[in-house]
Amino acid sequence: MSVVRFRSVVLDCPDPRALARFYAGVVGGTPEEADADWVVLHVPGGPRLAFQRAEGLTPPEWPRADRNSQQFHLDFDCGSTWEEMDAAHEKVLALGARPLDLEDREKKDFQVYADPAGHPFCLCRIENP
């Protein structure tokens, strides 16, 4: 029996509106602004993503683990084919993502990006979802 229910993943960022729009473009949903410092994105079929203003945020230094590590990242299933992976790649780049690791995708089945605030996330090719 669980003690709690999972509610949200909250990302600190300098501009909650902008980051909520970015992730709405990636996963869908409509951002709801509580105020200028807090925006919630209700992800269709998933948990909420919330964005909280944090002035002076220092983005993680991916892939460092010794100092200012990523602490956590989001994984997104973009389908089972390389064509779906490539389409998702193009879309996240158009939305403002920055590639961090695109090497060896044949071995890893994932690619690593940074969102516009610098948080790492992965696009994953999932053969058996």
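Up top is the structure these notes are about.
Sequence order as written defines the numbering, with residues in each chain counted from 1. Given that the model is predicted, a residue must reach a pLDDT of at least 70 before its local features are reported, and side-chain atom pairs must reach 80 or more before they are shown or counted; all residues, however, enter totals for whole chains, interfaces and linings. Computation of side-chain values covers all heavy atoms of the structure but excludes hydrogens and water.

1. Digging into the sheet that holds strand 6 (residues 98–101)
A pair of strands is considered paired only if DSSP assigns at least 2 bridges between the two. Helical segments are the DSSP runs of H or I of at least four residues, strand segments are the runs of E of at least two, and each set is numbered from the N terminus. Here four strands make up an open sheet; going across it, the order is 5-8-7-6 and the pairing mixed. A single partner strand is all that each edge strand has here, and the edge strands are strand 5 (74–77) and strand 6. The mean angle between the axes of side-by-side strands here comes to 35 degrees, regardless of whether they run parallel or antiparallel. Note that strand 7 (residues 110–114) and strand 8 (residues 120–124) share five bridges and pair antiparallel. Of the residues in strand 8, the one forming a bridge with Gln111 is Leu123. Only heavy atoms enter the contact rule, under which two residues are in contact if any of them lie within 4.5 Å. Simply put, an axis is a line fit to the C-alpha atoms, just over the touching stretch for a helix, and the angle between two N-to-C directions goes from 0 to 180 degrees. The strands touched by helix 1 (residues 16–27) are strand 5 and strand 8; relative to strand 5, the strand with the most contacts, the crossing angle is about 30 degrees.

2. Concerning the sheet that holds strand 3 (residues 38–42)
Pairing in this open sheet of four strands is mixed, and the strands run 1-4-3-2 from one edge to the other. On the outer flanks of this sheet lie strand 1 (8–13) and strand 2 (31–35), each paired with one strand and no other. With direction set aside, neighbouring strand axes in the sheet form an average angle of 20 degrees. In this structure, strand 3 lies alongside strand 4 (residues 48–53), joined through five bridges in antiparallel fashion. Of the residues in strand 4, the one forming a bridge with Val40 is Ala50. Against the sheet, helix 1 engages strand 1, strand 2, strand 3 and strand 4, with an angle of about 10 degrees to strand 3.

Any link to function would need more than the numbers given here.
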